[in-house]
Amino acid sequence: MVSIWGAAIAGLARPDNADPADAPLAASEAGLRGQFPPDKHGDLVYQGYRLFTATPVYGRRFSGNGLSCANCHLDAGRKADAAPLGAAWGMYPAYSAKFDKVVSFAERVQQCFQFSLNGLPPPLDSRELNALLAYSQWLARGQPAGEAQPGRGFPTLARTGDDPNPWRGRAAYAQKCASCHGGQGQGQPAAGAAGPPYAVPPLWGWDSYNKGAGLHRVDLMAGFLKANMPLGRPDLSDQQALDLAAWIQLQERWPDPRKGWVDRWLAR
Ligand code: HEC
Ligand code: HEC
């Protein structure tokens, strides 16, 4: 998929979002819709779920790469130690060191659009953002507000006494990750598709997160990997997780949009 900046440069217009209501429900999803409230509120929650799990399809007005929210927030935002949304909801508004200000939950979602999805922050009154809020709030039902829940965010790894080593990470990548994510970190398109949505998401390159994203930080990435990769059977040592994070951080991806390169490019 062409990124949002690539599309702008090529002068291509992005088509409007697909309307989730138009798409037929897969059998597995019909049961899921039944869990949400049986009314318009449930429709909004369901729309948020679909945006979350197929972001390049339903969120493409604002997303700029081939990733879905659920590629990082695993099990559709429900898995502990993969930044589950239910545990996050009650902790906002919260101070953000990255921006040195207090941000709302909605602003936090906007940040993942800007950095993890290499796109644009959806306006606070957009249908997309509102649907994601509805889904997150539904996931958090019954959870106490303002109390840190176990499994929030990613685990923090203790220091190992050895620096993260990208060359060891490179070897571990070939051994443990390349079979799914590809030798060039390019991921695998879903069957029959040439690009996103992906069956296995890209780890670097122009269809992945940009350099301002949380996963571009070695400590956050290492915590994510330790708890979650290889998918379904995580078995990395702390040092391997750090080494892999250092290797992945060396690869090419879109720059951090806060560095002002977009403005400079437009002002040429
Ligand atoms: C490339 C991976 C990636 C993608 C894609 C992604 N995120 Fe995130 N998200 C992160 C990381 C990393 C964090 C920071 C976790 C931490 O600080 O422990 C985060 C944090 C968050 C938080 C705050 C969690 C907390 O506990 O405070 C929310 C809410 C969130 N993301 C929502 C979304 C939504 C909605 C989408 C899709 C529109 C999305 N994210 C896409 C990686 C991603
Ligand atoms: C069995 C296949 C498989 C293996 C092996 C595997 N992954 Fe993944 N990985 C996935 C899938 C599939 C996802 C998306 C999960 C989802 O959407 O539910 C993912 C997601 C990710 C993500 C977050 C999304 C992104 O694109 O950045 C990272 C980072 C990641 N994997 C790194 C690794 C690393 C490093 C290894 C090697 C230790 C590895 N994975 C091994 C299948 C795999």
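Everything numeric here is computed off the predicted structure, so don't read it as measured data.

1. Concerning the nonpolar core
Now for step 1: Ranked by size, the top nonpolar core spans 62 residues in total, and within it F36, Y135, Y173, M221, F224 and L225 carry the most contacts.
Now for step 2: It is helix α9 (residues 127–139) that provides the largest number of residues to this core, a total of 8 residues.
Now for step 3: Excluding its chain neighbours within four sequence positions, the residues that come into contact with F36 are G42, V45, Y46, Y49, Y135 and W138.

2. Here we look at the coordination of the iron atom of ligand 2
Now for step 1: Distances from the iron atom of ligand 2 to its protein donors, H181 (NE2) and M229 (SD), fall at 2.0 to 2.4 Å.
Now for step 2: One can describe the site at the iron atom of ligand 2 as octahedral: its 6 donor atoms subtend angles covering 83 to 179° at the metal. Of this pair, H181 sits in helix α11 (residues 178–181) while M229 sits in the loop between α12 (218–228) and α13 (238–249), and the two are 48 residues apart along the sequence. An identical accessibility class is assigned to H181 and M229; each is buried.

3. With respect to the site of ligand 2
Now for step 1: Near ligand 2 there are 25 residues, and of these C177, C180, H181, P202 and M229 occur at the shortest range.
Now for step 2: A70 places a polar main-chain atom, nitrogen or oxygen, 3.4 Å from an oxygen atom of ligand 2.
Now for step 3: A distance of 2.8 Å separates a nitrogen atom of ligand 2 from a polar atom in the side chain of H181.
Now for step 4: For the shell around ligand 2, the secondary structure elements donating two or more residues are α5 (69–72), α11, β4 (198–200), α12 and α13.
Now for step 5: Per-class residue counts for the shell around ligand 2 are 22 nonpolar, 2 polar and 1 charged.
Now for step 6: For the shell around ligand 2, the domains that each give at least three residues are domain 1 (4–153) and domain 2 (166–257).

4. Points about the environment of S68
Now for step 1: Mapped onto the fold, S68 is located in the loop between α4 (55–58) and α5.
Now for step 2: The exposure class of S68 is buried, given its relative accessible area of 6%.
Now for step 3: Not counting residues up to four positions away in its chain, the partners in contact with S68 are F52, T53, A54, T55 and P56.
Now for step 4: There is a polar contact of 3.3 Å between the side chain of S68 and the backbone oxygen of T53.

5. What to know about the packing of helix α10 (residues 166–176) against α13
Now for step 1: Between α10 and α13, the least distance of the axes is 7 Å, while the angle of their chain directions is 100°. Overall, the two elements α10 and α13 adopt an arrangement that is roughly perpendicular. Where α10 abuts α13, its residues P166, W167, R168, G169, R170, A172, Y173 and K176 lie against Q239, Q240, D243, L244, A246 and W247.
Now for step 2: In terms of residue class, the contact of α10 with α13 is made up of 7 nonpolar, 3 polar and 4 charged.

6. Digging into unusual backbone geometry
Now for step 1: Residue Y92 is joined to P93 through a cis peptide bond whose omega torsion reads 0°.
Now for step 2: Examined against the element boundaries, P93 turns out to sit in the loop between α7 (85–89) and β1 (94–96).
Now for step 3: Phi at A76 is positive, roughly 55°, even though this residue is not glycine.
Now for step 4: Its place among the elements puts A76 in helix α6 (residues 74–77).
Now for step 5: The class for A76 is buried, based on a relative accessible area of 7%.

7. Considerations on the coordination of the iron atom of ligand 1
Now for step 1: At the metal site, the iron atom of ligand 1 is ligated by H73 (NE2) and C112 (SG), and these contacts range over 2.1 to 2.3 Å.
Now for step 2: Bound by 6 donor atoms, the iron atom of ligand 1 shows angles of 88 to 179° at the metal and therefore octahedral coordination geometry. Of this pair, H73 sits in the loop between α5 and α6 while C112 sits in helix α8 (residues 105–116), placing them 39 residues apart in sequence.

8. Considerations on the packing of aromatic side chains
Now for step 1: A complete count under the given rule lists 14 aromatic pairs for this structure.
Now for step 2: Between Y92 and F105, the aromatic rings sit 5.6 Å apart at their centres with planes inclined by 90°, giving edge-to-face as the arrangement. One end of the pair, Y92, is in the loop between α7 and β1; the other, F105, is in helix α8, and 13 residues separate them in sequence. In terms of burial, Y92 and F105 fall into one category: buried.
Now for step 3: One cation-aromatic arrangement involves K98 over F115; the distance from NZ or CZ to the ring centre is 4.2 Å.
Now for step 4: The residue whose ring lies beneath R141 is W138, and the NZ or CZ to ring-centre distance is 3.8 Å.

9. A short note on α12
Now for step 1: With 8 of 11 residues buried, α12 is to be regarded as a mostly interior element.
Now for step 2: Where α12 is concerned, the buried positions are V218, M221, A222, G223, F224, L225, A227 and N228.
Now for step 3: Looking at the buried positions of α12, the neighbouring elements they touch are α5, α6 and α13.

Procedures and definitions
Residues numbered from 1 in each chain as written. Chains lettered and ligands numbered in written order. Predicted model: local features only at pLDDT ≥ 70, side-chain atom pairs only at ≥ 80, totals over all residues. Heavy atoms only, no water. Core = buried A, V, L, I, M, F, W, Y, C linked by side-chain atoms within 4.5 Å. Buried < 20%, exposed > 50% of the residue type's maximum accessible area, 1.4 Å probe, protein only. Helix = DSSP H or I, 4+ residues; strand = E, 2+ residues; numbered from the N terminus. Contact = heavy atoms within 4.5 Å. Donors = N, O, S within 2.8 Å, 3.2 Å for Na, K, Ca; no water. Tetrahedral: all angles 85-135°; square planar, octahedral: opposite > 155°, others 65-115°. Near = heavy atom within 4 Å. Polar contact = N/O pair within 3.5 Å; in protein donor to acceptor, adjacent residues only side chain to side chain. Nonpolar A, V, L, I, M, F, W, Y, C, P; charged D, E, K, R; others polar. Domains from an automatic or database assignment. Axes fitted to C-alpha atoms, helices over the stretch in contact; angles between N-to-C directions. Parallel < 35°, antiparallel > 145°, perpendicular 65-115°, else oblique. Phe/Tyr/Trp six-rings, centres within 6.5 Å; stacked < 30°, edge-to-face > 60°. Lys NZ or Arg CZ within 6 Å of the ring centre and 35° of its normal.

That's the geometry; what it means functionally is another story.
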